[in-house]
Each structure stands twice: as structure tokens, then as C-alpha cells.
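# Examination of the molecular architecture
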Amino acid sequence: MTKRLLPLALVGFAAVYIWQALTIALDPWSAEEAINARTLPLLYGSGLLILGVCLALRPVAHSNGADPSRASSATRRRWLGLAAQCGAIIGFGLAIPWAGPWLALAGLLTASLLIAGERRWWVLALAPAVTAASAWVLIANLLEVYVDPGRWFS
């Protein structure tokens with residue numbers, strides 16, 4: 001049953017996410033549109049719900065004859081990696097008001113790459129910088145959407 005706990009938590013999170021997406025207020029003119037402010041959150045929530053149900057219903061592999069200490073060590077490492085990724089995402093959310101979304105995104109990507117085990121300095125430097133710069137060019141310059149630069153830069 002413990003192997004099903006995380007997929008069931010994912011299903012619960014997806015259900016709450018969909019419920020909250022349905023409460024997004026719509027303007028009268030966009031409520032009649034096929035694609036509106038609720039569309040993307042509902043698609044994300046539905047995809048997450050489907051993924052969680054598929055993970056919960058898949059057969060669980062039993063470790064027959066496996067070394068239990070090695071299996072628990074691998075499980076512990078996976079949970080520590082998950083906890084570190086969650087901490088990086090929380091740090092990203094806390095950094096956005098101060099550093100702005102682009103610098104916070106670069107920091108999130110750098111932290112995620114480090115947690116995943118990437119050690120090549122050029123990948124750690126270029127991938128987050130190019131991703132954040134590309135997002136800034138696309139959103140702020142090409143689409144001309146104003147994005148608050150953060151308290152440090154305003």
C-alpha cells in the first residue's frame with residue numbers, strides 16, 4: 001500500500017487543482033469562448049489526474065530476493081532528491097517577488113540541474129541563462145507583456 005501512497009497523493013492534488021481551476025473568474029465575454037482563462041489549468045489538472053490514476057493502477061513490482069538495505073538506501077536517496085526538488089520549487093516561488101521571474105527561473109533551473117547530478121559547468125551556466133533569456137525575449141519583447149522585474153530591479 002505504501003507504493004500507492006504517492007500516486008494517490010498526486011490524484012488528490014490534481015482533484016484540488018481542478019476544483020480551484022473551476023473557480024477562476026471569467027469576464028462575461030470570455031465565458032462564452034471555447035478557450036479562456038480556465039482552459040490551460042483544466043488541461044494541466046486533467047493530465048495530472050490521468051497520470052496519477054495510471055500510476056496508482058499500474059502493477060507493483062515486488063523485490064523478491066533483493067537486498068533490503070540496498071533497496072531502502074535507494075528509496076531514501078529518491079525521497080531526498082524529491083525533497084530537494086520541492087525545496088527548489090518553494091525557493092523559486094519565494095524568489096519571484098524579489099529577483100523577478102527571469103532570475104528566479106535561472107536559479108530554479110540551476111538548482112534542479114545540481115540536484116539531478118549535473119556537474120558540467122558550461123551546462124550549469126548556459127542552460128538556465130539561455131532558457132531565462134529566451135523566455136524574457138519571447139514574453140517581454142515579442143509579445144510585449146509587462147512582467148514585474150522584482151524588487152531588486154525596480
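Residues numbered from 1 in each chain as written. Predicted model: local features only at pLDDT ≥ 70, side-chain atom pairs only at ≥ 80, totals over all residues. Heavy atoms only, no water.

The subject of this paragraph is the overall build of the protein chain. Per the secondary structure count, the protein chain includes five helices and zero strands. For the protein chain, the sequential pattern of α-helices and β-strands runs α-α-α-α-α. In terms of overall dimensions, the protein chain is more spread out than a globule: its C-alpha atoms have a radius of gyration of 20 Å, far above the 15 Å expected for 154 residues. Principal-axis analysis of the C-alpha atoms gives the protein chain an extent of 60 × 45 × 20 Å. Across the 154 residues that make up the protein chain, the buried fraction comes to 18%. Contacts spanning at least 24 positions in sequence make up 64% of the contacts within the protein chain whose residues lie at least 6 apart. Looking at the protein chain as shown, the accessible area adds up to about 11400 Å², and 70% of this sits on carbon and sulfur atoms. Seen as two clouds, the 11 positive and the 7 negative side-chain charges of the protein chain have centres 25 Å apart. (Helix = DSSP H or I, 4+ residues; strand = E, 2+ residues; numbered from the N terminus. Rg over C-alpha atoms; globule rule 2.2 N^0.38 Å. Buried < 20%, exposed > 50% of the residue type's maximum accessible area, 1.4 Å probe, protein only. Contact = heavy atoms within 4.5 Å. Areas by Shrake-Rupley, 256 points an atom, 1.4 Å probe, with all protein chains shown as cover. Lys, Arg positive; Asp, Glu negative; His and termini not counted. Charge placed at Lys NZ, Arg CZ, Asp CG, Glu CD.)

Compared with an ideal rise of 1.5 Å per residue, which puts 22 residues at 32 Å, helix α5 (residues 121-142) spans 30 Å between its outermost C-alpha atoms and is within 8% of the ideal. Taken together, the buried positions of α5 are Val123, Leu124, Pro128, Ala132 and Ala135. The positive-phi residue at the C-terminal boundary of α5 is Glu144, with phi of around 55°. (Expected span 1.5 Å × (residues − 1).)

If you check helix α3 (residues 39-57), its first and last C-alpha atoms are 27 Å apart, about what 19 residues at 1.5 Å a residue would give, namely 27 Å. Within α3 the residues assigned to the buried category are Pro41, Gly45, Gly52 and Ala56. Buried positions in α3, seen along its axis, are confined to an arc of 35° and lie on one side of it. Summarising the geometry of α3, the exposed residues directed more than 90 degrees from the buried face are Leu43, Ile50 and Leu57. Along its buried surface, α3 packs onto α1 (5-21). (Arc of directions from axis to C-beta.)

On to the packing of aromatic side chains, then. Across all of its chains, the model carries one aromatic pair by this definition. Positioned over the ring face of Trp98 is Arg151, at 4.5 Å from the centre of the ring. (Phe/Tyr/Trp six-rings, centres within 6.5 Å; stacked < 30°, edge-to-face > 60°. Lys NZ or Arg CZ within 6 Å of the ring centre and 35° of its normal.)

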